[in-house]
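# Commentary on secondary and tertiary structure
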Amino acid sequence: MLEVIGLSKKLGDFRLNDISFDVASGEYFVLLGASGTGKTVLLETLTGIITSDRGRIILEGADITDEKIQKRKIAIVFQDQALFPHMTVRKNIAYGLSDRRISRARKNDRVNELARSMGIESLLDRMPSTLSGGEAQRVALARALALDPECILLDEPLSSLDNNTRRKIRVLLRRLNREGITIIHVTHDYEEAVSLAERIGVMEKGSIIQVDTPENILHHPRSEFVAGFVGIKNFFRGKIVRGRNNGRDHSEFLTGGTRFSVKADIPEGECFALIRGEDIALSPVRPSSLSDNLMRGVVSDISKVRSGIEVVIESEVEISAVAADGLQKKTGIEIGSEVYLSFEPGAVRILEV
Amino acid sequence: MTGTFIKARRAEPMHLIFTALGAAVLLFIIAPLASMFFHVTPGELADTARESEVTGSIWLTLLTSMGATVIFSAGSIPLAYLLARGKVPFRDLVNGIIDIPVVIPHSAAGIALLGLVSGNTWLGSISDRAGIHFVGGYAGIMIAMAFVSVPFLVNAARDGFASVPVELEKAALNLGASPVRVFLTVSLPLAWRSILSGLILMWARGMSEFGAVLVIAYHPMITPVLIYERFGAFGLKYARPVAVLFIIICLLFFVAMRVIARRREDA
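Quick notes on the rules
Along each chain, residue indices are assigned from 1 in the same order as the chain's sequence is written. Just so you know, chain letters begin at A and ligand numbers begin at 1, following the order they were written in. Confidence filtering applies because this is a predicted model: local features only for residues at pLDDT of at least 70, side-chain atom pairs given and counted only at 80 or more, and all residues used for totals across whole chains, interfaces and linings. Hydrogens are left out, water is left out, and the side-chain values use all remaining heavy atoms of the structure. Under the DSSP-based scheme used, a helix requires at least four consecutive residues in state H or I and a strand at least two consecutive residues in state E, with every element numbered from the N terminus. In this scheme, a residue with accessible area under 20% of its type's maximum is buried, one over 50% is exposed, and one in between is partly exposed, where area comes from a 1.4 Å probe on protein chains only. Reported accessibility uses the Shrake-Rupley method at a 1.4 Å probe radius. Residues are deemed covered only where the shown protein chains occlude them. Charge assignment: positive for Lys and Arg, negative for Asp and Glu; neither His nor the chain ends contribute. We put the charge of a Lys on NZ, of an Arg on CZ, of an Asp on CG and of a Glu on CD. The definition of a nonpolar core used throughout is a set of buried Ala, Val, Leu, Ile, Met, Phe, Trp, Tyr and Cys residues joined through side-chain atoms within 4.5 Å. Two residues qualify as a contact provided that any one of their heavy atoms is within 4.5 Å of a heavy atom in the partner residue. Here the buried area means the combined drop in accessible surface, using a 1.4 Å probe, for two parts upon being joined, counting both sides. Between Lys or Arg on one side and Asp or Glu on the other, a salt bridge is scored when a side-chain nitrogen of the former is within 4 Å of a carboxyl oxygen of the latter. Two N or O atoms count as a polar contact when they lie within 3.5 Å, although within protein this holds only if one can serve as hydrogen donor and the other as acceptor, and sequence-adjacent residues are included solely when both atoms are side-chain atoms. Working rule for helices: expected span equals 1.5 Å times residues minus one. We define the bend at any residue as the angle between the axes fitted to the seven residues before and including it, ending there, and the seven starting there. Pairs were defined over the aromatic rings of Phe, Tyr and Trp, the Trp ring being its six-membered one, requiring ring centres within 6.5 Å. Orientation was assigned from the angle between planes: stacked under 30 degrees, edge-to-face over 60, tilted for the rest. Comment: the charge-over-ring label is applied if NZ (Lys) or CZ (Arg) is within 6 Å of the ring centre and within 35 degrees of the ring normal. Note on definitions: angles span 0 to 180 degrees between N-to-C directions of axes, and those axes are lines fitted to C-alpha atoms, for helices only across the stretch in contact. Each angle is binned into one of four classes, with values under 35 degrees roughly parallel, values over 145 roughly antiparallel, values of 65 to 115 roughly perpendicular, and all other values oblique. Crossing handedness: left-handed means the near helix sits turned counterclockwise from the far one by under a right angle, and right-handed means the same turn made clockwise. Confidence of the predictor at the level of single residues is captured by pLDDT, which takes values from 0 to 100. Strands were regarded as paired on the criterion that DSSP finds at least two bridges between them.

### With respect to the overall build of chain B
Looking only at helices and strands, chain B features 13 helices and zero strands. Ordered by position in the sequence, the α and β elements of chain B form the string α-α-α-α-α-α-α-α-α-α-α-α-α. Its C-alpha atoms give chain B principal-axis dimensions of about 70 × 65 × 35 Å. Relative to its full complement of 267 residues, chain B shows a buried share of 42%. Only carbon and sulfur atoms are counted for the fraction: they give 72% of the accessible area of chain B, which is about 15,000 Å². In chain B, which carries 20 positive and 15 negative side-chain charges, the distance between the mean positions of the two groups comes to 8 Å.

Rendered as structure tokens:
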């Protein structure tokens, strides 16, 4: 539905280089990159707030590159929400409806409907300065949705929120997306990206260097930035199941071919699991101490990495461990050796989908 | 930092010296005004207030200054907006030009204006034929007042617009508002407090103008000119009641304006 072809823009010392990507109707697309990589500039160029030097923007088959800002059906929610501080929440939400030739009653209905959908009915007469971060984010979303945009752009929508609110807004964003709204979401937080995106576009220095599914981005990173994420190689998609073990509550993560214990207080369901290579202990013999997660496998590769050596083990799944330089000398592990690997349930990072 | 100053129990020598120096400056402002007030009896003041020449000139001063402020705000507020949003080429130069009237002698400003609008210039003759008389007329008083006071409005309004986050204007555009609507519903209301204080400042500065007005329009006589004339013709004793009366009325108007402005903000 949205197609960006060769978009370029020079802004002082910064430039967007030949940006091309496309987003399908109803897709949740995340632009991931460190700060200063041009994510916000790209969003503002899509809305027309910044005009591009070169390239085309096609929305639903129509070229909107030179379309006026007001006419584009792309809504943006800014990082700091940009609510109008001198208007009530109701007036903020209704702002985009005012130019339309629709009756006051219809406008009111629309505002109430949006407020209900966002769970902010009780806030309609409040001023923005009295809202919490999460409330302001909901108001900003309602205001952007009032125009029935084809596509909604979110600039770091979760970055200023506390963990609890972040989870709630994430649920809300997923729901909006399920209801058919195409979302382009910008973030510097890969966990946020992985847990929300159908596809991720990785940005670095004003260019998009990789567009792929979260799994492929993390398994086959094409950038330092992504590769620099901890434990990136041990990244599994699966589901959480709960049970009882020796009279204790117990959570297990199930993925193709294996299962392991995790510490997670999230409900059962689909999720991602991440394990840092540094958190995986290797031993040539079966460890005497009892570990919740113990696997046996064969070393398929050993390579030098910045913090020591990386050992890839073919086990029930492929797992890579990072160990100190001295490990090989001390234990005689080499390619083809049989090893035991173990990790604590607490070392498994679970990301909700 | 300031907290430590305020909370210091022991009188700090520097603090004491600064307080004394500051008090001297305050006294320097208050003393001449206070002494002038003490030299005028209520009877004199009442008599002066009944003189039609005095009341006429006070009204003239208040209204011409207000007229100048209103007329020039039509151009000054848009200019301030453009300056604040960096949409003016040679912005620093333009900002510098705006401040020129503040730094040049006002009699010189009057002479400069007179050269532009006197009867033997094309502008002067055209406006004379149109019935607008600058030299010795209301229009002359207003342009003289505006020339010296417009920087106060432009500067205050520019700072006001600059303090409105650009993001809000971008959001409004994204929500389908036209640039005019964005200006009227977002930029202007949010900068209004600064603009209003700029308007009040411009009005006040216009009323107190003497030099430039004197050159262009000695008559009809605005109060600052009237005070000067009475001083020249009859001396200090006759000029003083007019001065005191004018100051009282100016202060009353300002307090009233500030109160009204504040109340509207709170509403």
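### Structural notes on the nonpolar core
Residue and element names in this part refer to chain B. Among the nonpolar cores identified, the biggest contains 60 residues, and Ile141, Phe161, Ile195, Met207 and Ile222 are the most heavily contacted of them. The set of elements that each furnish at least two residues to this core consists of helix H4 (52–84), helix H5 (91–103), helix H6 (106–117), helix H8 (138–162), helix H10 (179–207), helix H11 (211–216), helix H12 (223–234) and helix H13 (236–266). With sequence-adjacent residues up to four places away left out, isoleucine 222 is seen in contact with Ser57, Leu60, Thr61, Thr64, Ile141, Met145, Glu209 and Val213.

### Remarks on the interface of chain A and chain B
On the chain B side, the residues contacting the 23 residues of chain A number 18 residues. Buried area between chain A and chain B, both sides added, is near 1,800 Å², and the carbon and sulfur share of it is 62%. Linking chain A to chain B there are one salt bridge. Measuring nitrogen to oxygen at the nearest pair gives 2.9 Å for the salt bridge that ties Lys170(B) to Glu44(A). On the surface where chain A and chain B come into contact, there are six residue pairs in polar contact (both at pLDDT 80 or more). Put simply, the parts of the chain that give the side of chain A that touches chain B at least two residues each are helix H1 (39–47), strand E6 (74–77) and helix H4 (133–145) of chain A. For the side of chain A that touches chain B, the element with the highest residue contribution is E6(A), accounting for three residues.

### Notes on the environment of Leu173(B)
Examined against the element boundaries, Leu173(B) turns out to sit in helix H9 (residues 166–174). Overall, the relative accessible area of 18% leaves Leu173(B) in the buried class. Once the C-alpha coordinates of Leu173(B) and Ala34(B) are considered, the two residues, 139 residues apart in sequence, prove to be 54 Å apart. Contact partners of Leu173(B), with chain neighbours within four places excluded, come to Ile69(A), Gln70(A), Ser178(B), Pro179(B) and Val182(B).

### Here we look at helix H2 (residues 13–38) of chain B
Quick reminder: α-helices carry 3.6 residues per turn. Residues three or four places apart thus point the same way. Spanning 26 residues, H2(B) covers 35 Å between terminal C-alpha atoms, matching the ideal 38 Å at 1.5 Å per step. Where H2(B) bends most, the angle comes to about 30 degrees, and this point is Ile30(B), followed within four residues by the proline Pro32(B).

### Things to note about the environment of Ser35(B)
Residue and element names in this part refer to chain B. Relative to the elements of secondary structure, serine 35 occurs in helix H2. Residue serine 35 is classed as partly exposed on the basis of its relative accessible area, which comes to 34%. The spatial distance from the C-alpha of serine 35 to the C-alpha of alanine 74 is 41 Å, given a sequence separation of 39 residues.

### Comments concerning the packing of aromatic side chains
For the structure shown, the criterion picks out 13 aromatic pairs over all chains. Ring centres of Tyr81(B) and Phe183(B) lie 5.0 Å apart, and the angle between their planes is 75 degrees; this geometry places the pair in the edge-to-face category. Linking Tyr81(B) in helix H4 with Phe183(B) in helix H10, this pair joins segments that are 102 residues apart in sequence. Here Tyr81(B) matches Phe183(B) in class, with each residue buried. Overall, Phe183(B) belongs to the buried group, its relative accessible area being 19%. Sitting over the ring of Phe84(A), Arg143(A) keeps its end group 4.6 Å from the ring centre. In this structure, Arg181(B) is placed above the aromatic ring of Tyr95(A), and the distance from its NZ or CZ to the ring centre is 4.0 Å.

### A closer look at the packing of H4(A) against helix H5 (residues 163–178) of chain A
Axes are the key here: two packed helices are described by the angle between their axes and the distance separating the axes. Residues and elements named next belong to chain A. Between H4 and H5, the shortest axis-to-axis distance is 10 Å and the interhelical angle comes to 15 degrees. Viewed along their axes, H4 and H5 adopt a mutual orientation that is roughly parallel. Read as a crossing pair, H4 and H5 show a hand that is right-handed. Across from Gly134, Gln137, Arg138, Leu141 and Leu145 in H4, the residues of H5 making contact are Thr165, Lys168, Ile169, Leu172, Leu173 and Leu176.

### Observations concerning the side chain of Ser149(B)
All names here are of chain B. Tracing the sequence through the fold places serine 149 in helix H8. With a relative accessible area of 1%, serine 149 lands in the buried category. The residues contacting serine 149, other than those within four sequence positions of it, are Met202, Arg205 and Gly206.

### Quick look at the confidence of the model for chain B
Close reading of the predicted structure is inappropriate where its pLDDT is low. On average, residues of chain B score 91 in pLDDT, and 95% of them reach the 70 mark or higher. The ipTM for the predicted assembly is 0.81, set against a pTM of 0.80.

### Examining the sheet that holds strand E20 (residues 348–352) of chain A
Residue and element names in this part refer to chain A. Spatial strand order, E13-E12-E11-E14-E20: five strands in an open sheet with antiparallel pairing. Each of the sheet's edge strands pairs with one partner strand only, and the pair in question is strand E13 (258–262) and E20. Neighbour-to-neighbour, the strand axes of this sheet turn through a mean angle of 45 degrees, independent of strand direction. Sheet analysis places strand E11 (residues 235–245) next to strand E12 (residues 248–255), joined by seven bridges and oriented antiparallel. Across the sheet, lysine 239 pairs through a bridge with leucine 254, a residue of E12.

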